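A structural walkthrough
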Amino acid sequence: MKKILDKQLSGKIENSNSISRRDALKHSAYAVVGTAVTAAVANSAAAQSTSSSSSIPANNSNNMGGRKFRAWVHREIGEGITGGVEELTLLPIDGRQVVIRTEASQCCYSNVGMMLGAPGVRMPSPGKPIIQGHGGVGVVEAVGPEVKRIKVGDRVIVGVTPECSECYNCLRGRADACYGISIPPLVIARTSDGLDVVGDINIGGHAELMVALEQSCVAINSILPAAELAMLSCVSGTGLGMTMTLSPVTPGSIVAIFGAGPIGLSAVQGARLMGAAQIIVVEPISVRRELALKLGATTVFDPNIEGDQLVDKIRYLCQGESDSFYSGGRPRFGERHLGPDFVIEAVGGDRFPPKLEVGPDPAGILPLQQAWELCPGGSDLLTCGVGQVGNVSFPGGRWTNSSKNHLSSQFGGTHMKRDMPRYVSLIEAGLFDAESLATSTFALEETSDGYQATADRTTVSSVIVMS
């Protein structure tokens, strides 16, 4: 905790060795006093915050209607269309809607096609301008009349996948597939010329104000930098979810990870935290391979160099001692069931050609095929990539009775309410390095530049930070 206080408070709080978490939060811009935030405390906290000059209202009302705010808006989506910043007028909120003063929002590669106008992309809500960005972090300024968990003054992470705790999937333990993600886009604002505006998956993170549904928000008591917390809203939450929630990595196991973008690098750290003995990473970009080693990978491979030998080289690293096969040991090289205990795909397909090293298959099908081949019977294959073009093929008999466990995932299996607080705690404790993943920050006006860097793969992750 001392490391965080030293970094965030820059000496403003003395005796940080003895200060408690509660005391630290009292001195931060995000402390909540009692059950209601008074106007004086709220305004003082806002003045201390470096993320925005806006004041927090003194009550939990929906009195934000008519407020002006800036957002990155697409009026059309299509090839070559990149959108821009517009001033919008907020509409009154209702139901379970929450208004959040945005601090930061991450630029996810899955949005690159819409943001930069890739061929074939379509408008999610035809005829309605859309605020881009499907997650972020910020401070609550107003809540709707049906909101129960979130209150004005809370600092919240807004995640790409909600957890309503009420739908069929949530009640059966699959909150990562919460039906709330399918709620039709709600109109939240109007343009200067009177057009209705919606938010990307009812969030719209690239804006000074987000209007999200309560089920997408989790309150956090943390003074961590906004750019680091924003990583958890999508990519880092996905990587940690696959290794800690969807199929928890077991101590002493072997994990192979295809892709060392922000998801794969988060999975590297999750596997390390769970006690994996070997973490093998496949990644064509050299700087990302180096970062993977820094964050916990034990071996890295360049798929362009290894070619057809890649799968066998990984299998070789998984073999056991020659005399241990019938004593609980691993198979030897060339024997059946040899391979990692967990195989994770975090590659996807390229929307645009990267500026750095290009992988052997921009369509993203070869890594899926290799991950399938590498996964032995009794092991788990976890996939999360998007944007692949084409089909994976395999013998029908091996699909039906090879004993491979294939787990596809939305948000890596993360359950927002349950998992987000513990992910935040990992960053606070210095166990998860989010700072090394949030490698570039951009102002709202530079949103296209942030996505261009993401598309070019010249950064691990771009984050839009509000001034």
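Cut-off values and rules
Residues numbered from 1 in each chain as written. Predicted model: local features only at pLDDT ≥ 70, side-chain atom pairs only at ≥ 80, totals over all residues. Heavy atoms only, no water. Helix = DSSP H or I, 4+ residues; strand = E, 2+ residues; numbered from the N terminus. Buried < 20%, exposed > 50% of the residue type's maximum accessible area, 1.4 Å probe, protein only. Contact = heavy atoms within 4.5 Å. Areas by Shrake-Rupley, 256 points an atom, 1.4 Å probe, with all protein chains shown as cover. Phe/Tyr/Trp six-rings, centres within 6.5 Å; stacked < 30°, edge-to-face > 60°. Lys NZ or Arg CZ within 6 Å of the ring centre and 35° of its normal. Salt bridge = Lys/Arg side-chain N within 4 Å of Asp/Glu carboxyl O. Pairing = 2+ DSSP bridges. pLDDT = per-residue confidence, 0-100. Polar contact = N/O pair within 3.5 Å; in protein donor to acceptor, adjacent residues only side chain to side chain. Disulfide = S-S within 2.5 Å. Axes fitted to C-alpha atoms, helices over the stretch in contact; angles between N-to-C directions. Expected span 1.5 Å × (residues − 1). Parallel < 35°, antiparallel > 145°, perpendicular 65-115°, else oblique. Left-handed = near helix turned anticlockwise from the far one by under 90°. Nonpolar A, V, L, I, M, F, W, Y, C, P; charged D, E, K, R; others polar.

Next up on the list: the overall build of the protein. Summing up its helical and strand segments, the protein has 15 helices and 18 strands in all. Relative to its 467 residues, the protein shows a buried fraction of 56%. Of all intrachain contacts in the protein linking residues separated by at least 6 positions in sequence, the fraction that spans at least 24 positions is 71%. Just so you have it, the protein exposes about 19100 Å², and 51% of that area is on carbon and sulfur atoms.

Attention now goes to the packing of aromatic side chains. Summed over the entire model, instances satisfying the criterion amount to 3 aromatic pairs. Centre to centre, the rings of Phe394 and Trp399 are 5.0 Å apart; their planes meet at 20°, and the pair counts as stacked. Exposure remark for Phe394: the relative accessible area of 31% places this residue in the partly exposed category. Put simply, the rings of Trp372, Phe394 and Trp399 touch in pairs and so form one group of aromatic residues. When the ring centre of Trp372 is taken as reference, the NZ or CZ atom of Lys404 above it lies at 3.8 Å. Positioned above the aromatic ring of Tyr109, the side-chain terminus of Arg457 is 4.3 Å from the ring centre.

Attention now goes to the pattern of salt bridges. Enumeration over the complete set of coordinates arrives at 21 salt bridges. Here Asp312 ties to Arg315 by a salt bridge, and the two come within 3.5 Å at their closest N and O atoms. In this pair, Asp312 and Arg315 both sit in helix H11 (residues 310-317), 3 residues apart, roughly one turn of the helix. Note on Arg315: relative accessible area 22%, which makes it partly exposed. In this structure, Asp350 and Arg457 form a salt bridge, with 2.9 Å as the shortest nitrogen-oxygen distance. Placement of the pair is Asp350 in the loop between strand E14 (342-345) and helix H12 (365-374) and Arg457 in the loop between helix H15 (447-456) and strand E18 (462-465), with a sequence separation of 107 residues. Taking the relative accessible area as the measure of exposure, Asp350 reaches 24% and is therefore partly exposed. Residue classification places Arg457 among the buried residues on the basis of a relative accessible area of 15%.

The subject of this paragraph is the sheet that holds strand E1 (residues 68-74). Ordered by their spatial adjacency, 5 strands build a closed barrel running E1-E2-E7-E8-E4, and the pairing between neighbours is mixed. Of the pairings in the sheet, the one linking E1 to strand E4 (residues 130-131) comprises 2 bridges and is antiparallel in character. From the neighbouring strand, His74 faces E4, where its bridge partner is Ile130.

Turning our attention to the confidence of the model for the protein. Atomic detail in the predicted coordinates should be set aside for any region of low pLDDT. Counting all residues, the mean pLDDT for the protein is 86, and 85% of those residues have values of 70 or more. pLDDT under 50 marks residues 1-60. Its contacts with residues more than four places away, or in other chains, come to 91 contacts.

Among the 8 residues of strand E5 (residues 136-143), 8 are classified as buried, and the element is accordingly described as predominantly covered. Two strands pair when backbone bridges link them, and strand E3 (residues 97-107) and E5 are joined in this way by 6 bridges, in the antiparallel orientation. Opposite Ile100, over in E5, you have Val140 as the bridge partner. Alignment of E5 against strand E6 (residues 155-158), held across 4 bridges, turns out to be antiparallel. Within E6, the position partnered with Val139 by the bridge is Arg155.

Here we come to the side chain of Gln97. Position of Gln97 among the secondary structure elements: in strand E3. A distance of 2.9 Å separates a polar side-chain atom of Gln97 from the backbone nitrogen of Asp94. Each residue touching Gln97, except ones within four places of it in the same chain, is listed here: Pro92, Val143, Gly144, Val147, Leu186, Ile188, Val211, Ala212 and Leu213.

What follows covers the state of the cysteines. Under the definition given, this model contains 0 disulfides. For the unlinked cysteine Cys164, the closest cysteine sulfur is that of Cys178, found at 3.7 Å.

What follows concerns the sheet that holds strand E12 (residues 278-282). Sheet strands pair by backbone hydrogen bonding; their relative direction is either parallel or antiparallel. Spatial ordering of the open sheet is given by E13-E12-E11-E14-E15-E16, a layout of 6 strands whose pairing is parallel. Among the strands making up the open sheet, the edge pair consists of strand E13 (299-301) and strand E16 (405-408). Mean inter-strand twist for the sheet, computed between neighbouring axes without regard to direction, equals 15°. Note that strand E11 (residues 254-258) and E12 share 5 bridges and pair parallel.

Here the focus is helix H8 (residues 262-273). A rise of 1.5 Å per residue sets the reference length of H8, with its 12 residues, at 16 Å; its end C-alpha atoms lie 16 Å apart and thus fit the reference within 8%. Extensive coverage of H8 is indicated by the burial of 10 of its 12 residues. Those residues of H8 that fall on the buried side of the exposure criterion are Pro262, Ile263, Gly264, Leu265, Ser266, Ala267, Val268, Gln269, Gly270 and Ala271. For H8, the secondary structure elements touched by its buried residues are helix H6 (226-232), helix H7 (235-246), E11, E12, helix H9 (286-295) and E14. Backbone geometry just after H8 places Gly275 at a positive phi near 95°.

To continue, consider the packing of H8 against H9. Contact geometry for H8 and H9: axes closest at 9 Å, N-to-C directions at 20°. Here H9 runs roughly parallel to H8, going by the angle between their axes. Considering the relative orientation of H8 and H9, their crossing is right-handed. Residue-level inspection shows Leu265, Val268, Gln269 and Arg272 of H8 in contact with H9, the latter providing Arg288, Leu291, Ala292 and Leu295. For the contact of H8 with H9, a count of residues per class yields 5 nonpolar, 1 polar and 2 charged.

Close contact between H11 and H12 brings their axes to 10 Å; oriented N to C, the two are set at 35°. In the crossing of H11 with H12, the sense of the turn from one axis to the other is right-handed. Facing Leu310, Val311, Ile314 and Arg315 of H11, the residues of H12 in contact are Gln370, Glu373 and Leu374. Taken together, the residues of the contact of H11 with H12 sort by class into 4 nonpolar, 1 polar and 2 charged.

Direction of pairing for E1 relative to strand E2 (residues 84-90): antiparallel, over a ladder of 6 bridges. Residue Lys68 lies in a different strand from E2, and its bridge partner there is Thr89. Here 2 bridges tie E2 to strand E7 (residues 187-190), and the two strands are oriented antiparallel to one another. Looking across to E7, one finds that Leu90 is bridged to Ala189.

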